[in-house]
Structures are given as structure tokens and as C-alpha cells.
Amino acid sequence: MSDFVYQYPTLYPGILIRRYKRFFADIELASGEVITAHCPNTGPMTGVCMPGSAVYVSHSTSPTRKLAYTWELIQVHDTEPTWAGVNTNLPNRVIKLALAQKRFPELGDYSQIQFEVPYGQEKSRIDFVLTGSKQPIYLEVKNTTWAQGTLALFPDTVTTRGQKHLRELMGLLPTATAVMLYFINRGDCIDFAPGDSADRQYGQLLRTAIALGLVVLPCRFEVNPIGIRYLGLANLKL
């Protein structure tokens, strides 16, 4: 059995020329062709958007797509050369597979997995609800690529949406289990901390939520052009 949680379709190597208007990236493929790829990451991409870096893209033959290529990976050099995931649509798909495979023993036993379930006072949707254990488990996923050395940080910008999710999760306690899962989308980080320098209020809310019983799972993933492996939990640094 493969130890990959997820395997990529065929990917094509290139070099990043520039990212612009959030959704576009000009990339020179190994063939010399310059293409414009869809950038499926609307955030600032702090530290994972350096022109001249090696990248990988996927290709779609769908006639309805405006851009045939999607930017999937970039090589970063904070410590040793490491691939980081760019496609923010993937983490929830990977976690869905990992939950079905029972990759996270910290969550205990559960028999059913629901997706995108409405909850809370602010009309939110939780990524996953797991049932069949003593109490329902509400699990939110946050993609994480910003790093300082081997320390992964979230968020890399002010996130009012992320703050709202923490408040909603706190509102579930103690009648449900509330879990924040940070998907560390690069294999070189062994520690995790809130990105206080980017959003101090988020860091304060996270620490308050943990004190009230929020479960934090900073999950390390190795990303490479073949697929994505789960490496276990990073050390939580508060």
C-alpha cells in the first residue's frame, strides 16, 4: 500500500516568472514555452512566491477552462530545498482522504464524515463533522505555508474569516469537540505557532480557544511532484 495520502496527476516542471492579479502566474516550462497558469491561492503567499523558483503545474484538457494549467508546487529554500503546495483547493481533499483512512489517532473513533456543515451564530460552514464517537467532532482546516526556518506560522495576513472560525469553534465547547487542523503544506517545518506578527488578534483568540478546550492539530505534510505524505504532528509553540 502506498504511503501517499494523495497522488498528483502528471505534473510539468517550470520556472516562475511572476504572479499577478492574485489568480495568474506566468511560468516558463522546461520546453521553453511561457504559459499563464491559474494560481489557486488568493492570499499573499508570503515566502512561497519568489520569481525564478522551480515550480510544477498540472494540465487540464477541459474545454470550459480559461486557463489550461494550474500552479501546484513551488520549491522554497528557507532551510533545505523543499517543495511547498500552492493549490489551496487540495488540503480539504487530502484531509477528506486522510479522515477516511483514519490517519489521525488523536481524533479517536468515529464512523461518519460530513462535509461543509452549517453551524454557529455567524452562519458559518465547518469543513468536517465527525460523528459516531461520544460527542460530535467539528473540524476546521487551515492551509499553512509561511515559515521562519523550521517554524510554520498561520496566518500570514490579517484574517477576519479565520478569527470568526475561532469564535464559532469556541461557541461549540464543551458540548462538542472542536478541532483546528493546520495543514502544513511543506515537509521542512517541525514546529508550529500562530503568526502573531501578521495578525495578533488571531493569535490571542487561538490561545483563548485552546484554554477553553480547542484541540489543535498542526499536521505536517511532505509535498513532492508525485504526491502528498502525512508526517505526523508538529510541535505546538505558544
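Refer to the structure printed above.
Rules behind the numbers
Residues numbered from 1 in each chain as written. Predicted model: local features only at pLDDT ≥ 70, side-chain atom pairs only at ≥ 80, totals over all residues. Heavy atoms only, no water. Phe/Tyr/Trp six-rings, centres within 6.5 Å; stacked < 30°, edge-to-face > 60°. Helix = DSSP H or I, 4+ residues; strand = E, 2+ residues; numbered from the N terminus. Core = buried A, V, L, I, M, F, W, Y, C linked by side-chain atoms within 4.5 Å. Buried < 20%, exposed > 50% of the residue type's maximum accessible area, 1.4 Å probe, protein only. Contact = heavy atoms within 4.5 Å. Pairing = 2+ DSSP bridges. Axes fitted to C-alpha atoms, helices over the stretch in contact; angles between N-to-C directions. Expected span 1.5 Å × (residues − 1). Polar contact = N/O pair within 3.5 Å; in protein donor to acceptor, adjacent residues only side chain to side chain. Salt bridge = Lys/Arg side-chain N within 4 Å of Asp/Glu carboxyl O.

### A closer look at the packing of aromatic side chains
No. 1: Enumeration according to the criterion identifies 11 aromatic pairs in this entry.
No. 2: Judged by centre distance (5.5 Å) and plane angle (70°), the ring pair of Phe154 and Tyr202 falls under edge-to-face. With a gap of 48 residues between them, Phe154 in strand β12 (residues 151-154) and Tyr202 in helix α3 (residues 200-212) connect regions that are remote in the sequence.
No. 3: Every member of this aromatic cluster is reached through a ring pair, and the members are Phe104, Phe183, Phe221 and Tyr230.

### Observations concerning the nonpolar core
No. 1: Among the nonpolar cores identified, the biggest contains 29 residues, and Ile95, Phe104 and Leu107 are the most heavily contacted of them.
No. 2: Here this core takes five residues from helix α1 (residues 90-100), the largest share from any one element.
No. 3: The contact partners of Phe104, leaving out residues within four places of it in the chain, are Ile95, Ala98, Leu99, Leu181, Cys219, Phe221 and Tyr230.
No. 4: Formed by 27 residues, the second largest nonpolar core is a distinct cluster that contains Met170, Leu172, Ala176 and Val216.

### So, the sheet that holds strand β17 (residues 235-236)
No. 1: Taking strand neighbours across the sheet as the criterion, the four strands line up as β11-β12-β14-β17 in an open arrangement whose pairing is mixed. The open sheet is flanked by β11 (146-148) and β17, the only strands paired with a single partner.
No. 2: Across four bridges, the pairing between β12 and strand β14 (residues 191-194) is parallel. Directly across from Phe154, in β14, lies its bridge partner Pro194.

### Looking at the pairing of β14
No. 1: Residues Asp191 and Ala193 line one face of β14 and the alternating positions Phe192 and Pro194 line the opposite face, and both faces are buried.
No. 2: Across two bridges, β14 lies against β17 in parallel orientation. The partner of Phe192 across the bridge, within β17, is Leu236.

### Re the sheet that holds strand β13 (residues 177-184)
No. 1: One open sheet holds the seven strands; their spatial order is β1-β16-β15-β13-β10-β9-β8, and the pairing between them is mixed. Of all the strands in the sheet, the pair left with one neighbour each is β1 (4-7) and β8 (112-119). Averaged over all pairs of adjacent strands, the angle between strand axes in this sheet comes to 35°, irrespective of strand direction.
No. 2: Note that strand β9 (residues 124-131) and strand β10 (residues 137-144) share three bridges and pair antiparallel.

### Quick notes on helix α2 (residues 160-172)
No. 1: With 13 residues, α2 extends 19 Å between its outermost C-alpha atoms, agreeing within 8% with the 18 Å of an ideal straight helix rising 1.5 Å per residue.
No. 2: Residues Gly162, Gln163, His165, Leu166, Glu168, Leu169, Met170 and Leu172 constitute the buried set of α2.
No. 3: In the core, the buried residues of α2 are packed alongside β8, β9, β10, β13 and α3.

### Some remarks on the environment of Arg65
No. 1: Locating Arg65 in the fold gives a position in the loop between β5 (54-59) and β6 (69-76).
No. 2: Take Arg65: its relative accessible area is 33%, and that puts it in the partly exposed class.
No. 3: Between the alpha carbons of Arg65 and Gln114 there is a distance of 29 Å; along the sequence they are 49 residues apart.
No. 4: If we skip the residues at most four places from it in the chain, Arg65 touches His38, Ser60 and Thr70.
No. 5: Within the local environment of Arg65, its side chain forms a polar contact with the side chain of Thr70, the two groups lying 2.8 Å apart.

### Some remarks on the pattern of salt bridges
No. 1: The full count for this structure, using the stated rule, is nine salt bridges.
No. 2: Salt-bridge contacts for Arg18 lead to Asp26; the nearest nitrogen and oxygen are separated by 3.0 Å.
No. 3: The exposure class of Arg18 is partly exposed, given its relative accessible area of 40%.
No. 4: By relative accessible area, Asp26 is classed as buried at 11%.
No. 5: In this structure, Asp109 engages Lys102 in a salt bridge whose closest nitrogen and oxygen atoms are separated by 3.7 Å.
No. 6: Given a relative accessible area of 56%, Asp109 falls into the exposed group.

### Digging into the environment of Asn92
No. 1: Relative to the helices and strands, Asn92 is located in helix α1.
No. 2: Overall, Asn92 belongs to the partly exposed group, its relative accessible area being 26%.
No. 3: The sequence separation of Asn92 and Lys66 amounts to 26 residues, and the corresponding C-alpha distance is 24 Å.
No. 4: If sequence neighbours within four positions are ignored, Asn92 has contacts with Glu116, Asp127, Phe128 and Val141.

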